[in-house]
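Structural overview
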Amino acid sequence: MDVIEAIATRRSIRRFSDKPVDDRMLESLFASVRMSPSWANMQCWRFIVVRDAAVKARISELTYVESFMAPKGYKANPSKAGVAEAPALIIACADPQQSGELWGQQYYMTDIGIAAQTLMLTAHSMGLGTVFVGVFEEKKMRLLLGIPANIRIVGLFPIGYPRDIKKEAPPRKPLGEIIFSEKWGSQEKSPS
Ligand SMILES: Cc1cc2nc3c(=O)[nH]c(=O)nc-3n(C[C@H](O)[C@H](O)[C@H](O)COP(=O)(O)O)c2cc1C
């Protein structure tokens, strides 16, 4: 699968079959993730792989942040079940001190975002599914997993074989809405 095809066909996968994912697959996955670009090549990322069913179940309970999700009408994180049932759960952490900060922009988020895309596309190209889960109780999770206070938890990635094959991607904005020509606000002549 080439990269354009992988980007076009990847979907967020939120339900998983019980087919196991062996350690060698995860090794290949991380070999790919490790090649992601990062601020000054500082590679601020650290990953925890959780396979223990009880810990995954506890983490899935922590994927609801009431103050954030309830006003949006969510009664649960859409990935709650997937976090518990995936054979492996990757916790993506970052050390902000090992990345850049400029004009208030914290580049550890960018570093993890890029690594996350590498992870998601590589998993997809291997026939695995995953989803970026960005809503969770960070402090409780830090306690549960023994993560030091200076380390941020940026995302959770349940990894496994997809239970359902999804075809349609959620809609994307038209290019004419997101691309300007020469200066802010001027639309391209022939937006698609
Ligand atoms: C930073 C970030 C945080 C996200 N957090 C969640 C989440 O907490 N729960 C969830 O089910 N999906 C989450 N998603 C997945 C998005 O909902 C999904 O990528 C988007 O709807 C587009 O669908 P697609 O990935 O299938 O193309 C997150 C995605 C990103 C990039």
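Placed above this text is the structure.
Residues numbered from 1 in each chain as written. Predicted model: local features only at pLDDT ≥ 70, side-chain atom pairs only at ≥ 80, totals over all residues. Heavy atoms only, no water.

1. Quick notes on the nonpolar core
Our working definition: We define a nonpolar core as any set of buried Ala, Val, Leu, Ile, Met, Phe, Trp, Tyr and Cys residues linked to one another through side-chain atoms lying within 4.5 Å. Partly exposed residues are those whose accessible area sits between 20% and 50% of the maximum for their type, while under 20% is buried and over 50% is exposed, using a 1.4 Å probe and protein chains only. Secondary structure elements follow DSSP: runs of H or I of four or more residues count as helices, runs of E of two or more count as strands, with numbering from the N terminus. Here, residues are in contact when the closest pair of their heavy atoms is within 4.5 Å.
Leu26, Leu29, Ile90, Leu119, Leu128, Phe157 and Ile159 are the most contacted members of the largest nonpolar core, which has 24 residues in total. Elements that contribute at least two residues to this core include exactly helix H2 (23–33), strand E2 (88–94), helix H6 (107–125) and strand E5 (152–159). Setting aside anything within four residues of it in sequence, one finds Leu128 in contact with Val21, Met25, Ala123, Ile159, Gly160, Tyr161 and Pro162. Core analysis: the second largest hydrophobic core is formed by 15 residues, Val83, Ile147, Ile151 and Leu156 among them.

2. Some words on H2
Worth spelling out the cut-off: An arc is given here, and it is the one of the directions from the helix axis to the C-beta atoms.
Within H2, burial applies to Met25, Leu26, Leu29, Phe30 and Val33. Viewed along the axis of H2, the buried residues span an arc of 135°, placing them on a single side of the element. Counted as exposed and oriented over 90 degrees from the buried face of H2: Arg24 and Glu27. Each element contacted by the buried residues of H2 is listed here: strand E1 (45–50), E2, H6 and E5.

3. Notes on the packing of helix H3 (residues 53–61) against helix H7 (residues 138–145)
Stated formally: Lines fitted to C-alpha atoms define the axes, with helix axes restricted to the stretch in contact, and inter-axis angles between N-to-C directions lie between 0 and 180 degrees. Every angle not falling under 35 degrees, over 145, or within 65 to 115 is termed oblique; those three ranges are roughly parallel, roughly antiparallel and roughly perpendicular. In a left-handed crossing the near helix is turned counterclockwise from the far helix by less than a right angle, and in a right-handed crossing that turn is clockwise.
The contact between H3 and H7 brings their axes to 10 Å, and the two run at 165°. One finds that H3 runs roughly antiparallel with respect to H7. By crossing handedness, the relation of H3 to H7 is classed as right-handed. For the pair formed by H3 and H7, the contact residues are Val55, Arg58 and Ile59 on the first element and Met141, Leu144 and Leu145 on the second.

4. Regarding the environment of Arg163
Structurally, Arg163 is set in the loop between E5 and helix H8 (175–178). For Arg163, a relative accessible area of 45% corresponds to the partly exposed category. Placed 18 residues apart in sequence, Arg163 and Leu145 show a C-alpha to C-alpha distance of 28 Å. What Arg163 contacts, discounting residues up to four positions off in sequence, is Arg15, Phe16, Ser17 and Glu85.

5. So, the sheet that holds E5
Put simply, the rule is: If DSSP finds at least two bridges between two strands, the strands pair.
Sheet architecture is open: 3 strands sit in the order E1-E2-E5, paired in antiparallel fashion. In the strand order of this sheet, the two ends are held by E1 and E5, each with one partner. On average, each strand axis in the sheet is tilted by 20° relative to the strand beside it, whichever way the strands run. Sheet contacts for H7: E1, E2 and E5; angle to E5, the most-contacted strand, approximately 75°.

6. Structural notes on the side chain of Thr118
Quick note on the threshold: Nitrogen and oxygen atoms within 3.5 Å of one another constitute a polar contact, given that in protein one can donate a hydrogen and the other can accept it, and given that sequence-neighbouring residues count only through two side-chain atoms.
Its location among the elements puts Thr118 in helix H6. Among the polar contacts made by the side chain of Thr118, one reaches the side chain of Ser36 at a distance of 2.8 Å. In this structure, Thr118 is in contact with Ser32, Val33 and Ser36, ignoring residues within four places of it in sequence.

7. Things to note about the pairing of E5
Burial within E5 is extensive, with 7 of its 8 residues counted as buried. Bridge analysis of E2 against E5 gives 7 bridges, and the strand direction is antiparallel. Its bridge partner lying in E5, Ala92 is registered against Gly155.

8. A short note on the packing of aromatic side chains
Under the convention used in this document: Pairs were defined over the aromatic rings of Phe, Tyr and Trp, the Trp ring being its six-membered one, requiring ring centres within 6.5 Å. Orientation was assigned from the angle between planes: stacked under 30 degrees, edge-to-face over 60, tilted for the rest. For a ring to carry a charge above it, either NZ of a lysine or CZ of an arginine must fall within 6 Å of the ring centroid while also lying within 35 degrees of the normal to the ring plane.
Enumeration over the complete set of coordinates arrives at 4 aromatic pairs. Residues Phe30 and Phe47 carry aromatic rings whose centres are separated by 5.4 Å and whose planes lie at 40° to one another, so their mutual orientation is tilted. Taken as a pair, Phe30 in helix H2 and Phe47 in strand E1 lie far apart in primary sequence, 17 residues in all. Using a relative accessible area of 25% as the deciding quantity, one classes Phe47 as partly exposed. Taking the centre distance of 4.6 Å and the plane angle of 75° together, the rings of Phe180 and Trp184 count as edge-to-face. Look at Phe180 and you get partly exposed, because its relative accessible area is 29%. Its guanidinium or amino end placed over the ring of Phe68, Lys72 lies 4.0 Å from that ring's centre, counting from NZ or CZ.

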